[in-house]
Amino acid sequence: MQFSRFDAAALDHFVATAHGGHGAWTILTPDDFTRAIAEISGWQGYAPTPLHSLPALAQTLSLGEILYKHEGPRFGIGSFKALGAAYAGLRVLQTELSKRLGRPIWLDTISSGSLAHDASTVTLCSATDGNHGRSLAWGCQRFGAACKIYIHAEVSEGRAQIIRDFGADVIRVAGNYDASVARARADADANGWFMVADTSWPGYRQPPLDVMAGYGLMADEACRAMTTAPTHVILQGGVGGLAAAVAAYLRQYWGDSAPRVVVVEPTLAPCLMASARANTATSVNIASETIMAGLSCGEPSELAWDILADEGRDYLTIPDSIIGPTMRLLARPLGHDPRIEGGESGVAGLAALIAAARQPAHRTALNLGPTSRILVIGSEGITDPAIYADIMEQTD
Ligand SMILES: Cc1ncc(COP(=O)(O)O)c(C=O)c1O
């Protein structure tokens, strides 16, 4: 009974043939990762997040090992996104304050709060479906900068309020995520604000690159907690920044033994799969919103795509129907597996793994078996308590 939703789930699988270039080294360089890791791991409150093994679930699925990197506790703000926007915002402040003050400013001078007065004259802004904006607002509060966050019509009021609680102005825009990005860009241009986006476009590269460099810390912690490379890594994608950053870091860390990279998206927002099929960054129309709010993106980040074009092997889409069951399975685990509170977007990779491992054709196509050791990124914990409580009350 517990797995009936997974067995019935319609998965789409595309295997990319064009990969194997140098994007993992040249777009995000080892230096980019090293600088981000050194800075963020020095922030007050930093602690590595846990890498949980789920042996009972792995045994039930006849897999060797499932490793779940749980980002819920990250800096107390609920998701891996704490690593990206706050760091990229800090780098924007570094550039701008160095210019305004006429001398080079170190990152830790700003992150220690000692330039908060100067930082308060700079406004950072972004569009978000929740987690990225929360991270930027949190960073701005720490560093002293002003913050404007644009959300689209479907972002829950709970998520909006948490961003306000970090001191940001929240502006709600009619339409979807891509509409909120367009409005944030226009307002930034009109007002002299600085966009800190997690997605790139022609002529706009540095902040999204820094966002991805910040995510490298999560991959670094996971690698250091393992003695050998996993066989697979399953990475959920919105604009592709998380997947690209982790894939690049794993390639740099493990070289030729880096794991097979499986990118997972909601059936309702498959822009990375569309890009893989077309072999170029490709947008899709979002006709309706998925429950995986953080993954509801129609336009891939071009920078992220350029890395995934080299590193992404498999692209899977999953229906919303398996998200609740996966969250409940983590909350009420099998055997002695740890109890984990995972959010809707955060569990997408694990949901895909369970469904694929149970469906013979997908299991074979992904080469999943008793010797597989799979790393999944549990990219968020409870980021909207009301939605989480509601999902916990439902039955499979
Ligand atoms: C919890 C969570 N997981 C994964 C993602 C996907 O990240 P990206 O948009 O970089 O692909 C997001 C994006 O907002 C997210 O909030």
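It should be emphasised that the depicted structure is a prediction, and the values quoted were computed from it without experimental measurement. (Residues numbered from 1 in each chain as written. Predicted model: local features only at pLDDT ≥ 70, side-chain atom pairs only at ≥ 80, totals over all residues. Heavy atoms only, no water.)

### Some remarks on the sheet that holds strand β11 (residues 373-378)
Here's step 1: The mixed open sheet is built from seven strands, whose spatial order is β1-β10-β9-β8-β11-β3-β2. The sheet terminates laterally at β1 (12-15) and β2 (51-53), the two strands that pair on one side only. Neighbour to neighbour, the strand axes of the sheet diverge by 20 degrees on average, direction disregarded.
Here's step 2: Sheet contacts for helix α11 (residues 206-224): β2, β3 (65-70) and β11; angle to β3, the most-contacted strand, approximately 140 degrees.
Here's step 3: Relative to the sheet, helix α16 (residues 348-358) contacts β3, β8 (232-236), β9 (260-266), β10 (312-318) and β11, its axis offset from that of β10 by approximately 90 degrees. (Pairing = 2+ DSSP bridges. Helix = DSSP H or I, 4+ residues; strand = E, 2+ residues; numbered from the N terminus. Axes fitted to C-alpha atoms, helices over the stretch in contact; angles between N-to-C directions. Contact = heavy atoms within 4.5 Å.)

### Examining the sheet that holds strand β7 (residues 194-195)
Here's step 1: Spatially, four strands are ordered β6-β5-β4-β7 in an open sheet, and the strand pairing comes out parallel. With one partner strand each, in any of the chains shown, β6 (169-173) and β7 form the two edges of the open sheet.
Here's step 2: Here six bridges tie strand β4 (residues 123-128) to strand β5 (residues 146-152), and the two strands are oriented parallel to one another. Following the sheet pairing, serine 126 is matched in β5 by isoleucine 149.
Here's step 3: This element, helix α9 (residues 157-165), spans β4, β5 and β6 of the sheet and lies at about 150 degrees to β6.

### Considerations on the site of the ligand
Here's step 1: Close to the ligand lie 16 residues, the nearest being Asn131, Gly238, Gly240, Leu242 and Ser379.
Here's step 2: A distance of 2.7 Å is found between an oxygen atom of the ligand and a backbone nitrogen or oxygen belonging to glycine 238.
Here's step 3: The backbone of glycine 240 places a nitrogen or oxygen atom 2.8 Å from an oxygen atom of the ligand.
Here's step 4: Relative to its unbound accessible area of 390 Å², the ligand is 99% covered by the protein chains. (Near = heavy atom within 4 Å. Polar contact = N/O pair within 3.5 Å; in protein donor to acceptor, adjacent residues only side chain to side chain. Areas by Shrake-Rupley, 256 points an atom, 1.4 Å probe, with all protein chains shown as cover.)

### Regarding the domain arrangement of the protein
Here's step 1: Here the domain parsing of the protein yields domain 1 (4-81 + 208-393) and domain 2 (85-197).
Here's step 2: Between the C-alpha centres of domain 1 and domain 2 the distance comes to 25 Å.
Here's step 3: Contacts between domain 1 and domain 2 engage 29 residues on the former and 28 residues on the latter.
Here's step 4: Summed over both sides, the interface between domain 1 and domain 2 buries roughly 2400 Å², with carbon and sulfur atoms accounting for 54% of that surface.
Here's step 5: For the domain 1 face of the interface with domain 2, the top three residues by lost area are Trp43, Ile77 and Lys81, together amounting to 25%.
Here's step 6: On inspection of domain 1 and its partner domain 2, the count reaches two salt bridges.
Here's step 7: Of the charged contacts in the structure, one is a salt bridge between aspartate 210 and arginine 91, with a shortest N-O distance of 3.2 Å.
Here's step 8: Among the secondary structure elements, those contributing two or more residues to the side of domain 1 that touches domain 2 are α3 (30-40) and α11.
Here's step 9: Take the side of domain 1 that touches domain 2: its biggest share by element is five residues, from α11.
Here's step 10: Tallied by class, the residues present in the side of domain 1 that touches domain 2 amount to 13 nonpolar, seven polar and nine charged. (Domains from an automatic or database assignment. Buried area = accessible area lost by both parts, 1.4 Å probe. Salt bridge = Lys/Arg side-chain N within 4 Å of Asp/Glu carboxyl O. Nonpolar A, V, L, I, M, F, W, Y, C, P; charged D, E, K, R; others polar.)

### Section: the packing of aromatic side chains
Here's step 1: Scanning the model with the defined rule gives twelve aromatic pairs in all.
Here's step 2: Ring centres of tryptophan 43 and phenylalanine 143 lie 5.8 Å apart, and the angle between their planes is 65 degrees; on these two criteria the pair is classed as edge-to-face. In this pair, tryptophan 43 sits in the loop between α3 and β2 while phenylalanine 143 sits in helix α8 (residues 131-143), placing the two residues 100 residues apart along the sequence.
Here's step 3: Through pairs of rings, three or more aromatic residues link up here, namely Trp43, Tyr46, Phe75, Trp138 and Phe143.
Here's step 4: Above the ring of tryptophan 201, the side-chain terminus of arginine 185 is found at 3.9 Å from the ring centroid. (Phe/Tyr/Trp six-rings, centres within 6.5 Å; stacked < 30°, edge-to-face > 60°. Lys NZ or Arg CZ within 6 Å of the ring centre and 35° of its normal.)

### Considering the pattern of salt bridges
Here's step 1: All chains considered together, the criterion is met by 20 salt bridges.
Here's step 2: One salt bridge in this structure joins arginine 74 and glutamate 71, with 2.7 Å as the shortest N-O distance. Comparing arginine 74 with glutamate 71 shows no difference in burial state: the two are buried.
Here's step 3: In this structure, arginine 164 engages glutamate 157 in a salt bridge whose closest nitrogen and oxygen atoms are separated by 2.9 Å.
Here's step 4: The partly exposed category is assigned to arginine 164, whose relative accessible area is 32%.
Here's step 5: Owing to a relative accessible area of 44%, glutamate 157 belongs among the partly exposed residues under this scheme.
Here's step 6: One connected set of salt bridges, linked through shared partners, spans Lys69, Glu71, Arg74 and Glu221. (Buried < 20%, exposed > 50% of the residue type's maximum accessible area, 1.4 Å probe, protein only.)

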